[in-house]
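Residue strings, one per chain:
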Amino acid sequence: MSTRPTGIGELSSLVNFGAMAAFLLLHVSVVVHYVIRRRSRNWLAHLVVPVAGIVVLVAVVLNQSVYAQWAGGIWLAVGLLVLGISYAFGRRPALPSEV
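Definitions and cut-offs
Residues numbered from 1 in each chain as written. Predicted model: local features only at pLDDT ≥ 70, side-chain atom pairs only at ≥ 80, totals over all residues. Heavy atoms only, no water. Helix = DSSP H or I, 4+ residues; strand = E, 2+ residues; numbered from the N terminus. Rg over C-alpha atoms; globule rule 2.2 N^0.38 Å. Buried < 20%, exposed > 50% of the residue type's maximum accessible area, 1.4 Å probe, protein only. Contact = heavy atoms within 4.5 Å. Areas by Shrake-Rupley, 256 points an atom, 1.4 Å probe, with all protein chains shown as cover. Core = buried A, V, L, I, M, F, W, Y, C linked by side-chain atoms within 4.5 Å.

Just checking my understanding: could you explain the overall build of the protein chain for this structure?
Across its full length, the protein chain holds 3 helices and 0 strands. When the helices and strands of the protein chain are read in sequence order from the N terminus, they spell out α-α-α. Relative to the compact-globule value of 13 Å for 99 residues, the protein chain shows a C-alpha radius of gyration of 17 Å, a clear excess of over 25%. Dimensions along the principal axes, computed over C-alpha positions, put the protein chain at roughly 50 × 35 × 20 Å. When the 99 residues of the protein chain are sorted by exposure, 19% land in the buried category. Excluding contacts between residues fewer than 6 apart, the proportion of contacts in the protein chain whose partners are at least 24 apart in sequence is 56%. Summed over its atoms, the accessible surface of the protein chain is roughly 7400 Å², and 71% of this surface lies on carbon and sulfur atoms.

Honestly, the environment of His-33 in this entry has me stumped. Any pointers?
Checked against the element boundaries, His-33 lands in helix α1 (residues 7-37). Of the residues examined, His-33 reaches a relative accessible area of 31% and is grouped as partly exposed. Distance from His-33 to Gln-69, taken between C-alpha atoms, is 27 Å for residues 36 residues apart in sequence.

I would appreciate a short explanation of the nonpolar core in the present structure.
A general trend in soluble globular proteins is that nonpolar side chains are found buried together. Ranked by size, the top nonpolar core spans 7 residues in total: Phe-17, Met-20, Ala-21, Leu-24, Leu-57, Val-61 and Ala-68. Elements that contribute at least two residues to this core include exactly α1 and α2 (43-62). Here this core gets 4 residues from one element, more than from any other, and that element is α1.

These figures come from the coordinates and say nothing about function on their own.
Laid out in structure tokens, this is it:
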């Protein structure tokens, strides 16, 4: 990337896409865990704030470079494919506290 005229900008955009995708998934997981699974009634903390975060993060991701969107989208799709294959073969990923 250092040899391309726009290489550093593209690399930083790709890294930012990864961070934004991670935060998007974090916000989605908060809604799923608290609102859907635990039936929390704390709507502000467990639904309104995460949904507002999702809206802001989607706007940021959509305004990134097309290269970062494609490369990051492929990276995210491969990760989800690996996760799906793990579940299909009965190998549910365990968090360190569950081991």
